[in-house]
Each structure stands twice: as structure tokens, then as C-alpha cells.
Amino acid sequence: MDSQSAYNIIRFLRKLAQAGQAILCTIHQPNDSLFEQFDRLLLLQRGGQTVYFGEIGEDACVLRDYFKRNGAVCPPHNNPAEFMLEAIGAGSRPRVGDRDWADIWRDSPELEEVKKQITRLKDERKAAPLDLKAGKGEYATPLMYQIKVVLRRMNLTFWRSPNYGIFRHVCC
Amino acid sequence: MVGTVVFLGQVFPPNEMFANNSPLAYDFSSLMSNEFSNINLTCAGNNLIPSGPTYTDIANQVCTLQGAITGTDLVVGSDYISKTFSYFPKDIWRNFGIILAFTLLFLVLNGLLSEVILYGASGRTITFFQKENKERKALNAALAKKRSERKRGDTHDSEAEKLSIESKRVLTWEALNYDVPVKGKKLRLLKDIYGYVKPGELTALMGASGAGKTTLLDVLANRKNVGVITGDVLIDAKPRGIEFQRGTAYCEQIDVHEDTQTVREALRFSAYLRQPYHVSKEEKDAYVEQVISLLEMEGIADAEIGNPVVGLSVAERKRVTIGVELAAKPELLLFLDEPSSGILYLISL
């Protein structure tokens, strides 16, 4: 996909988030303008270990600050997303610093803050009134309705791909 | 050679229609001739007439194999295949030449045509549109009006406000570990991960390839059925129930669609089946129109999805994937796996 289309997709996601949707999205080496659209970042390193979870901030300032405090200073005009992947050793160069970034995260005040925040969120939501509209059961619609809708679509598909039907009946 | 036969299906026998046009026929002919020209077959048992323990003189017997000569039980291999299959050993190198000529022809054609024909390009491809009926005409007119309003900036961001997701539910995960058994040992793919996703927030999941991004996404979306997950994954401090996946939507990296559907039909199909049953059809249809407008798909709403050669382009297909998931009105969470990479599914499969 070209960068314009990629930017559009992320722009739609941004719009959705504004409408109140919660979105979690894996992304591979975004450029500057894409990266700015995100609110929060979960960064993993090899072995499924967390390197960072938290806000990105305006012009990635929160993220840059975290890396700076731990010994990896991002030059102001660099792409922060690319920079931090390089810094943790995910790129072609060896990682910055002599400590494993997962260890740094494990001892960081940020992780403590995240844990506290999770507890806060859970307490908040426990106190909130129960959402009665939330659906029960595995499927949203009854079986007979599902069969009806799927059958209709299947028939339409056969109708629109005449090659298949003709070949099946005439040939073999 | 075996590969070609397996994938092309058949070798045309000589002297039949198409045989002279098939490189495979020349190929096979040469191989057979080469094989048989160096061997002599010996006639024995039932191939001799008359046969039996008392018939010992070959002068009184006849071999039934084609290419046999009376008075001897030896059949020359080249005679056998030239009589039976019309493969002539003297043609081996002629066939080789013909195959070379075919190869050259196809290479040249390939080179020339690839200049002329754009095959599966990510740019514009041919797209078919469904004819407008009364209903679709009205819907498209409404969409076009909305679009022009947005372009003029009259109603800035209004559709985002209209498309409101009321849910305030929060997904949290704590001390999340994920182990899979590999050769009798346990391999830890995810280690001690903390995090949360709140409504109204766009969270990026990044990392080197192989770091476990997609794995984490799958674990959170409850899509893993092997391995052991430990730690808490909670919605509003409660464990995920059987209805969890109804509240979530997951856009996979590969865009899988029913080719013959139009975009609007695909979205409606998803809305009919995945939104709650008590919501009326009219409401669901109206919601689909909102999704189309939000994803700026007004121009392709009635386009057949098709395949990447004849149908929507890669970027448009990705938008349809997101649209289909959105049409289900996921009240909890929207997962996306690499939405900006745009892998052509034909190639990646």
C-alpha cells in the first residue's frame, strides 16, 4: 500500500477513536505522521517482553523523555518510531545502552503507574452501573435467522458466478 | 516435468488435437524415446501366442507387443514406442529444439505483455458496479450530499459524532504470560505484559518482527486455542465470558471477502448477523450507510469487491475489511493486524 493510502486508513481509525471506539492495532514501522495519530503505545521486544506501555504525547515527547532518561536520546528531527525500534535492538544495529530494555521497564516508575492505573480503572468500572444492553450468549442472532441470511447470500453468489453453475451442470 | 504434468493435468497424446501446440507433448515424447531407445524388451508369458509349458519353439509363436518381429522374442524398444505411441527416437533433438523455441516464444511474450498489461497492480484496476435501483439511488444520493457537505466543511466531524459508540467498557490485562509447548518443552511467547485499552483511544502495538505483536493481539482477542495463558485479561474487572467475541471486531492482515458481493452488501451481511437481533433491519441499514460515509467509501459502495485483478484495489479492500468489522458495531474493542501493510492475499497465500 502506498503511504497515502496507509495514512488514510490510520486517519479513519483516528476518527473512529474520536467517536468513542477502543482500538488496538499492530503496526509495522510507521512514519512520523502516522505515528502521531496514536494515543498510546505498547512496545514489545523479542521474546514477548514489554519495553514500553504508555502515552506517546505531543510530538512523541513522553516517549522521547522515557528513552532519554534511560540513556537513548532521540535527535529532535528523527522519526521517533524508527528511533526507538533501533534503540531496543530491533533494527539492524545493536541496542543502545548496556541494560536490557525489558529490565529497565520492569524497574521503572512508569510500570508502577500503569499497575496503579489498571487498578483504578477496574475500581471505576466496578462502581459503574451495569450495562443491561450488553448481549448474552455466543451469537447475536438465532440459528434460523443465520441460516436464512447465509443461504440468501450463497444463492446470490451462485447466481453471480454463472461459469461455475454452467460448468457443473453441463460438463460433469 | 512431473510438476508440469501435475499442475497442467495432462499430456496430449500425439496425432490428436492440440498435441502439436503443446510443449509438454514434445517434452514427454523426447523423454520416452530416450528411455526406450536403449532397451530391448523380451516377450514372455501371456504376451506370447500361443503360450504354455509345451510351446518351446519361438519360431511357432508370435509376440503380441507392437513392433515385434516374427521368429524372435526380442522387441526393440525404439520399435515398440514408435509403433505404439508414435514417439520416434530420431526426433529427440528435433523436439528439444522445438521446446527451446517454445520457451523463447513464451519469454518474449511474457516480456512484451508485462509492459502492456497491468496485472494485479495496487493502482487502479477494473471495477464493476451494480446497477442502481430505486433504493440504492436514494442511498447514494444521500451519501453524495453528505460528502459534498463534508468537503465544504459545513459539518466538520459531524459523522464521527453521529456514529457514537456508547460503551465505556475497559479491557485490562495484567501479568499476562503465554506458553506454547514446543518439542516437550514450554516456550514463553509473551512475558509479564501489563496494559489496558480505553474507549476513545487508539493504541499502537509495535515491535520487531517476531516479537509477538500478532500473538498478543490473538491472545487478547481470545483467538488462541493452543498453549497456556496465565494472568488476568478482564473486562470491567470481570473475566471474559462467552459473549466476549461478539463485542469485539478483528481485522486480519489478509483481506478475505466474498468476491461477488458489493461493498454495501458485505457490510449489511455483517450487520444483519452480528448486531443484536432486536435491532431492526432499517436501523442496521442506516448504520451501514454511516460506516460507508465514515470510511469515505461513497464512490465504491455499489462496486463488486472482486479480486485484486478485477475489482477493488488493495487499499480499498482494506477499507472494506474495516467496514465489515465496524458494521458489526463492536461495543468493546476493535483489533487490527497491520492495517497499513496491505498484503495482496493472492500473493501471501
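Residues numbered from 1 in each chain as written. Chains lettered and ligands numbered in written order. Predicted model: local features only at pLDDT ≥ 70, side-chain atom pairs only at ≥ 80, totals over all residues. Heavy atoms only, no water.

(A) The overall build of chain A, seen in detail. Tallying secondary structure elements over chain A gives 8 helices and 3 strands in all. Along chain A, helices (α) and strands (β) appear in the sequence α-β-α-β-β-α-α-α-α-α-α when read from the amino end. The globule rule puts the C-alpha radius of gyration for 172 residues at 16 Å, and the 24 Å found for chain A is more than 25% above it. Per-residue burial over chain A gives 42% buried out of 172 residues. Put simply, of all contacts in chain A between residues at least 6 apart along the chain, 40% involve residues at least 24 apart. On chain A, roughly 9900 Å² of surface is accessible, and the fraction owed to carbon and sulfur atoms is 55%. Computed over 25 positive and 21 negative side-chain charges, the separation of the two mean positions in chain A equals 11 Å. (Helix = DSSP H or I, 4+ residues; strand = E, 2+ residues; numbered from the N terminus. Rg over C-alpha atoms; globule rule 2.2 N^0.38 Å. Buried < 20%, exposed > 50% of the residue type's maximum accessible area, 1.4 Å probe, protein only. Contact = heavy atoms within 4.5 Å. Areas by Shrake-Rupley, 256 points an atom, 1.4 Å probe, with all protein chains shown as cover. Lys, Arg positive; Asp, Glu negative; His and termini not counted. Charge placed at Lys NZ, Arg CZ, Asp CG, Glu CD.)

(B) View of the interface of chain B and chain A. Between chain B and chain A, the residue contacts involve 85 residues of the former and 72 residues of the latter. Of the roughly 7400 Å² buried where chain B meets chain A, counting both sides, 62% is carbon and sulfur surface. On the chain B side of the interface with chain A, the three residues burying the most area are Tyr196, Leu202 and Met206 of chain B, jointly 13% of the side's total. In this assembly, chain B and chain A are joined by 6 salt bridges. Scanning the region where chain B abuts chain A turns up 35 residue pairs in polar contact (both at pLDDT 80 or more). (Buried area = accessible area lost by both parts, 1.4 Å probe. Salt bridge = Lys/Arg side-chain N within 4 Å of Asp/Glu carboxyl O. Polar contact = N/O pair within 3.5 Å; in protein donor to acceptor, adjacent residues only side chain to side chain.)

(C) Just the state of the cysteines, in detail. Residue and element names in this part refer to chain B. Overall, the coordinates contain 1 disulfide over all chains when judged by the stated rule. Residue cysteine 43 pairs covalently with cysteine 63 via a disulfide, S to S 1.7 Å. With the S-S bond torsion at 50°, the cross-link from cysteine 43 to cysteine 63 turns out right-handed. Of the two residues, cysteine 43 is situated in the loop between β1 (40-42) and β2 (48-49) and cysteine 63 in strand β3 (residues 62-63); the sequence distance between them amounts to 20 residues. Of the two residues examined, cysteine 43 and cysteine 63, each falls in the buried class. (Disulfide = S-S within 2.5 Å.)

(D) The side chain of threonine 172 of chain B, seen in detail. Assignment of secondary structure puts threonine 172 of chain B in strand β5 (residues 171-182). According to the relative accessible area criterion, threonine 172 of chain B is buried, its value standing at 2%. Beyond its immediate sequence surroundings of up to four residues, threonine 172 of chain B is in contact with Ile118 and Lys122 of chain A together with Gly195, Tyr196, Asp232, Val233 and Leu234 of chain B.

(E) Just the packing of helix α1 (residues 3-18) of chain A against helix α10 (residues 314-327) of chain B, in detail. Direction vectors running N to C along α1 of chain A and α10 of chain B enclose 15°, while the axes themselves pass 10 Å from each other. Regarding the angle of α1 of chain A to α10 of chain B, the classification is roughly parallel. Handedness of the crossing formed by α1 of chain A with α10 of chain B: right-handed. In this structure, α1 of chain A contributes Ser5, Ile9, Phe12 and Leu16 of chain A to the contact, and α10 of chain B contributes Ala315, Lys318, Arg319, Ile322 and Leu326 of chain B. Split into classes, the residues belonging to the contact of α1 of chain A with α10 of chain B amount to 6 nonpolar, 1 polar and 2 charged. (Axes fitted to C-alpha atoms, helices over the stretch in contact; angles between N-to-C directions. Parallel < 35°, antiparallel > 145°, perpendicular 65-115°, else oblique. Left-handed = near helix turned anticlockwise from the far one by under 90°. Nonpolar A, V, L, I, M, F, W, Y, C, P; charged D, E, K, R; others polar.)

(F) Fine view of the environment of valine 197 of chain B. Tracing the chain through its elements places valine 197 of chain B in strand β6 (residues 185-197). Note: C-alpha distance between valine 197 of chain B and serine 270 of chain B (73 residues apart in sequence) is 24 Å. Ignoring sequence-local partners within four residues, the contact set of valine 197 of chain B consists of Ala22, Ile23 and Leu24 of chain A together with Val170, Leu171, Trp173, Thr203 and Leu333 of chain B.

(G) Examining the environment of glutamate 252 of chain B more closely. Residues and elements named next belong to chain B. Turning to its location among the elements, glutamate 252 is positioned in the loop between β10 (248-251) and α8 (263-274). Taking the C-alpha atoms as reference points, glutamate 252 and glutamate 338, separated by 86 residues in sequence, lie 7.9 Å from one another. Apart from the residues lying within four places of it in its own chain, the contact partners of glutamate 252 are Arg223, Lys318 and Asp337. A polar contact of 3.5 Å, which involves the side chain of glutamate 252, links it to the side chain of arginine 223.

Any link to function would need more than the numbers given here.
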